[in-house]
Amino acid sequence: MTDHFIEDKTNKVEVGLSGLDGKVNFNDLKSGGFIKQRQKDLFAVRLRCPGGKLSTKKLVEISKIADKYSKKGVVHFSFRQSLEILYVDYKEFKNIVAELEKIGQKVASCGPRVRVPTACGGCEYNPNGLTDTQKMAEMVDHKFFGTPTPHKFKTSFSGCPIDCARTKEMDLGFQGVVEPEWSEPECTGCTICEQACKEDAIVSDEETGKPIFDAKMCLYCGDCIRACPTGAWKAKRYGHIVRIGGKHGRHPVEAAPVCEFLPDEKVPEAIQKTIEWYNANARRGERITTALKRVGLGSYLAFMGDTYKMEKPFTDMGTLKLKAE
Amino acid sequence: MSEIKADATLDLRGVMCPINFVKTKLKLEAMEAGQVLELTLDSGEPIQNVPKSIKDEGHTIVEVKKEDGYFRLKIQKS
């Protein structure tokens, strides 16, 4: 008898597991979110938790299942915010998946495809949050999870320039920004905005106390807007800085910013087209950063066309490791 | 700028974040809506953070005066 979850369908790397007629293809297992452990026959089962968020009810149910199937009774929070149930015997895969399915919990995946997006708390409850990162992560997970790509494809959403979700290390990262706009009539010249700005983008006029704003220094965090007692600083527009070609690992690469104020509604299009470019231009097993270096960031930007078209010209805000030719 | 009369004062010079905000919050809680609290805050981190938090709580900053190395704020309780 061969379990359909671990049935050998290919001639790729095969590793025999005792107690089974067939053989297990570990690459196939990884695509299903089962990660081989050091211990014989035991695997980590990675759950799919976009943005690292779970309802307490679901967490209680997951905890019961984990308690039942983990030989050591432990879980681990993965570096991409998903829960991993450790020490699960491969012979139980079918059962654990079925039980998780019953509570509406899906198993994640590894390998060359779009991974579960990560996200910070975002504007829903974090005071610094400028974008609804949780909602975006849910959307990306729903629309793109599992889409095949030449190598892994990681996305993340940070709600502000503090960038807790490390968009600079993602294949494609989205970081929330707000463009501040100053309106003179409401300004009392109190100079709090100058104090609130951590980037020295605001200097108060010595006579009037009113702000002199240097857009080149601004990180678009919105601290001036939040600190202003009279509402003289307002939000002109919200959006995402889009960064491409970042990765961590043995040879980290800092992502290149390619768009400054991408509105929420254009995020799906940006991801869709980026995946298309990636699939069309990268070699098998090549991260997008390598493909961008080989083919050129210019090719990518040309392909993206109007998607990244902005009202004002792009200002360089980070270390541009991938300059457009 | 006309002087707004303060009903209470709180000198938070030398008090670190977020203790300064917690003290402000407790003081405001003991006050009536509409009353004004005069707050003295250090430059640097306290003045970067506390006004934002006061606004987040729904109170109004009605006056700000910059002194040498510190700020005097008047806050009207919501």
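A brief report on the enclosed structure follows. (Residues numbered from 1 in each chain as written. Chains lettered and ligands numbered in written order. Predicted model: local features only at pLDDT ≥ 70, side-chain atom pairs only at ≥ 80, totals over all residues. Heavy atoms only, no water.)

## Some words on the overall build of chain A
Part 1 of the reasoning: Helix and strand counts for chain A stand at 9 helices and 11 strands.
Part 2 of the reasoning: A buried classification covers 49% of the 325 residues belonging to chain A.
Part 3 of the reasoning: Of all intrachain contacts in chain A linking residues separated by at least 6 positions in sequence, the fraction that spans at least 24 positions is 65%.
Part 4 of the reasoning: On chain A, roughly 16000 Å² of surface is accessible, and the fraction owed to carbon and sulfur atoms is 52%. (Helix = DSSP H or I, 4+ residues; strand = E, 2+ residues; numbered from the N terminus. Buried < 20%, exposed > 50% of the residue type's maximum accessible area, 1.4 Å probe, protein only. Contact = heavy atoms within 4.5 Å. Areas by Shrake-Rupley, 256 points an atom, 1.4 Å probe, with all protein chains shown as cover.)

## As for the overall build of chain B
Part 1 of the reasoning: When helices and strands are tallied, chain B shows 2 helices and 4 strands.
Part 2 of the reasoning: What you see in chain B, going N to C, is helices and strands ordered as β-α-β-α-β-β.
Part 3 of the reasoning: When each of the 78 residues of chain B is scored for burial, the buried share is 40%.
Part 4 of the reasoning: Restricting to contacts in chain B with at least 6 residues of sequence separation, those with at least 24 account for 64%.
Part 5 of the reasoning: When the accessible surface of chain B is split by element, carbon and sulfur atoms take 49% of a total near 4100 Å².

## A word on the side chain of A:R115
Residue and element names in this part refer to chain A.
Part 1 of the reasoning: Position of R115 relative to the elements: it lies in the loop between α3 (93-102) and β5 (118-119).
Part 2 of the reasoning: One buried charge, R115, has no salt-bridge partner; the nearest side chain with opposite charge is D171, at 8.0 Å.
Part 3 of the reasoning: Reaching out from R115, the side chain makes a polar contact with the backbone oxygen of G111 at a distance of 3.0 Å. (Lys, Arg positive; Asp, Glu negative; His and termini not counted. Salt bridge = Lys/Arg side-chain N within 4 Å of Asp/Glu carboxyl O. Polar contact = N/O pair within 3.5 Å; in protein donor to acceptor, adjacent residues only side chain to side chain.)

## Some details on the interface of chain B and chain A
Part 1 of the reasoning: Residue-level contacts link 15 residues of chain B with 16 residues of chain A.
Part 2 of the reasoning: Summing the contributions of chain B and of chain A, the shared interface buries around 1200 Å²; its carbon and sulfur component is 53%.
Part 3 of the reasoning: Among the residues of chain B in contact with chain A, B:Q48, B:K52 and B:K55 are the three that bury the most area, contributing 45% of the side total.
Part 4 of the reasoning: A salt bridge links A:D223 to B:K52, with the nearest nitrogen and oxygen atoms 3.1 Å apart. (Buried area = accessible area lost by both parts, 1.4 Å probe.)

## Considerations on the nonpolar core
The nonpolar side chains of soluble globular proteins are, as a tendency, buried together.
All names here are of chain A.
Part 1 of the reasoning: By size, the foremost hydrophobic cluster in this structure holds 31 residues, and its most contacted members are L172, F174, Y300 and Y308.
Part 2 of the reasoning: Residue assignment for this core shows that the elements contributing at least two residues are α4 (133-144), β7 (172-182), β10 (233-244), β11 (256-262), α7 (267-281), α8 (288-295) and α9 (297-304).
Part 3 of the reasoning: Top element by residues in this core is α7. It accounts for 6 residues.
Part 4 of the reasoning: Residues contacting Y300, with those up to four places away along its chain left out, are L172, I244, V258, T274, W277, L292 and Y308. (Core = buried A, V, L, I, M, F, W, Y, C linked by side-chain atoms within 4.5 Å.)

## Concerning the sheet that holds strand β3 (residues 75-77) of chain A
All names here are of chain A.
Part 1 of the reasoning: The strand order β1-β2-β4-β3 describes an open sheet built from 4 strands, whose pairing is antiparallel. Bordering the open sheet on either side are β1 (34-36) and β3, each of which pairs with just one other strand. Averaged over all neighbouring strand pairs, the angle between strand axes comes to 30°, with direction disregarded.
Part 2 of the reasoning: When strand β2 (residues 42-46) meets strand β4 (residues 83-89), the two strands line up antiparallel, connected through 4 bridges. Along β4, the bridge assignment pairs R46 with E84.
Part 3 of the reasoning: On top of the sheet, helix α2 (residues 56-69) reaches β3 and β4; it is set at about 25° to β4, its chief contact. (Pairing = 2+ DSSP bridges. Axes fitted to C-alpha atoms, helices over the stretch in contact; angles between N-to-C directions.)

## Things to note about the pattern of salt bridges
Part 1 of the reasoning: The final tally for this structure, using the stated rule, is 26 salt bridges over all chains.
Part 2 of the reasoning: Across the salt bridge formed by A:R226 and A:D223, the nearest N and O atoms sit 3.9 Å from each other. Taken together, the residues span about one helical turn, with A:R226 and A:D223 both in helix α6 (residues 223-227) at a distance of 3 residues. Across the pair, A:D223 and A:R226 agree in class, each one buried.
Part 3 of the reasoning: Several salt bridges share partner residues, and in doing so they unite A:K198, A:D223, A:R226, B:K52 and B:D56 into one network.

## Quick word on the packing of aromatic side chains
Residues and elements named next belong to chain A.
Part 1 of the reasoning: Considering all chains together, one arrives at 8 aromatic pairs over all chains under this definition.
Part 2 of the reasoning: Seen from their ring centres, F213 and W233 are 5.6 Å apart, and the 65° between their planes marks the pair as edge-to-face. Note that F213 is positioned in strand β9 (residues 211-213) and W233 in strand β10, a separation of 20 residues in sequence.
Part 3 of the reasoning: Here a set of aromatic residues connected by ring pairs shows up, and it is made of F34, F43 and F93.
Part 4 of the reasoning: Taking the ring centre of F43 as reference, the NZ or CZ of K36 above it sits at 5.9 Å. (Phe/Tyr/Trp six-rings, centres within 6.5 Å; stacked < 30°, edge-to-face > 60°. Lys NZ or Arg CZ within 6 Å of the ring centre and 35° of its normal.)

## Some points on the sheet that holds strand β6 (residues 155-158) of chain A
Residue and element names in this part refer to chain A.
Part 1 of the reasoning: With mixed pairing, the 5 strands of this open sheet are ordered in space as β5-β6-β7-β10-β11. With one partner strand each, in any of the chains shown, β5 and β11 form the two edges of the open sheet.
Part 2 of the reasoning: Strands in contact with α4 are β5, β6 and β10; relative to β6, the strand with the most contacts, it is inclined by about 165°.

## A closer look at the pairing of strand β3 (residues 60-66) of chain B
All names here are of chain B.
Part 1 of the reasoning: Summarising the sheet, β3 and strand β4 (residues 70-76) pair through 6 bridges and their orientation is antiparallel. Residue pairing in the sheet places I61 in a bridge with I75 of β4.
Part 2 of the reasoning: The antiparallel pairing of β3 with β4 creates a hairpin that spans 3 residues between the two strands, and G69 there sits at a positive phi of about 90°.

## Quick word on unusual backbone geometry
Part 1 of the reasoning: In this chain, B:C17 is followed by B:P18 through a cis amide linkage whose omega measures 0°.
Part 2 of the reasoning: If you trace the backbone, B:P18 turns up in the loop between β1 (8-11) and α1 (19-29).
Part 3 of the reasoning: Here A:Y87, not a glycine, exhibits a phi torsion of approximately 60°, which is positive.
Part 4 of the reasoning: Take A:Y87: it is sitting in strand β4.
Part 5 of the reasoning: Its identity is not glycine, yet A:D163 carries a phi of approximately 60°, on the positive side.
Part 6 of the reasoning: Here A:D163 is to be found in the loop between β6 and β7.
Part 7 of the reasoning: Note on A:D163: relative accessible area 7%, which makes it buried.

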